[in-house]
Amino acid sequence: GQGWLGRLTDRPGIDREELRRRRFHVVCTLIATPLTLIMSVVALLQGRLLTAAICLALMTIPVGTTFWLLRVDDGRWIYRLILGSLAAVFVTLCALPEMKGNGLVWIFLYPPVAFYARGPREGLVLSGALLAALAVLFVAPLGIPHLAALDWPFKGRLLGAYLVCPGGTEDRSCAGAATGF
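Predicted, not measured: the structure shown is a model, and the values here were computed from it.

Visitor: It is not clear to me how the layout of surface pockets should be interpreted in this structure. Could you clarify?
Guide: Which parts of space are left empty comes out when a probe the size of a water molecule is rolled across the atoms. Estimates place the volume of the largest pocket at around 640 Å³. Looking at the largest pocket, it is lined by 23 residues, and the ones nearest its centre are Cys28, Ala32, Leu86, Leu109 and Val113. The element contributing the most residues to the lining of the largest pocket is helix α2 (residues 16–45), with 10 residues. Partitioning the lining of the largest pocket into residue classes produces 19 nonpolar, 3 polar and 1 charged.

Right, dumping it as structure tokens:
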């Protein structure tokens, strides 16, 4: 019989774009799942239980949705669920005191994934929603000490870098723009 990967990508009822999205989903899942598991174990060993739990929950999203994709021909709503969950996790990681602001690094992964998975129009809307959620956290940090401690020039550079450099670059110029280096 045909393996799960073949059943996922070789469905007769899917068009070329859906096939591209499914392959992208598989690649992201195969990369993200082991990395997220490693981050969960590291967080657990460091005593950061909430971060470990969030990372484990994050890991279940791509794995679970892979099984869901095996049963449908059109994965639009599945990709929206994945992207919405990913945005919620990124905002949560930014807000977690035990992350000490390190969750901000992960937001730069979101726009390229959203644009590739959902196209330019919906990718822009989803990336803008994440930017708006982060801006709200920056304006009203809700008693989150590490976000309240960030100075306004840094917050402005970070949001500006997110707008100008979605996904960052290999030469780290976007990270440098955000941090001032």
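Visitor: What is the right way to read the packing of aromatic side chains from this model?
Guide: Aromatic rings in a pair are described by how distant their centres are and how their planes are angled relative to each other. The final tally for this structure, using the stated rule, is 3 aromatic pairs. When the ring of Phe90 is compared with that of Tyr110, the centres are 6.4 Å apart and the planes differ by 75 degrees; the resulting orientation is edge-to-face. Of this pair, Phe90 sits in helix α4 (residues 76–95) while Tyr110 sits in helix α5 (residues 110–139); the two residues are 20 residues apart in sequence, bridging distant segments of the chain. Like Phe90, the residue Tyr110 is buried in the burial classification. The ring of Trp77 is capped by Arg80, whose NZ or CZ atom sits 4.4 Å from the centre of that ring. The residue whose ring lies beneath Lys155 is Trp152, and the NZ or CZ to ring-centre distance is 4.3 Å.

Thresholds, definitions, all that
Residues numbered from 1 in each chain as written. Predicted model: local features only at pLDDT ≥ 70, side-chain atom pairs only at ≥ 80, totals over all residues. Heavy atoms only, no water. 1 Å grid on protein atoms, 1.4 Å probe; cavity = no way out; pocket = protein on both sides within 12 Å on 5 of 7 lines; lining within 4 Å. Points joined across faces, edges and corners; volume = space filled by probe spheres on them. Helix = DSSP H or I, 4+ residues; strand = E, 2+ residues; numbered from the N terminus. Nonpolar A, V, L, I, M, F, W, Y, C, P; charged D, E, K, R; others polar. Phe/Tyr/Trp six-rings, centres within 6.5 Å; stacked < 30°, edge-to-face > 60°. Buried < 20%, exposed > 50% of the residue type's maximum accessible area, 1.4 Å probe, protein only. Lys NZ or Arg CZ within 6 Å of the ring centre and 35° of its normal.

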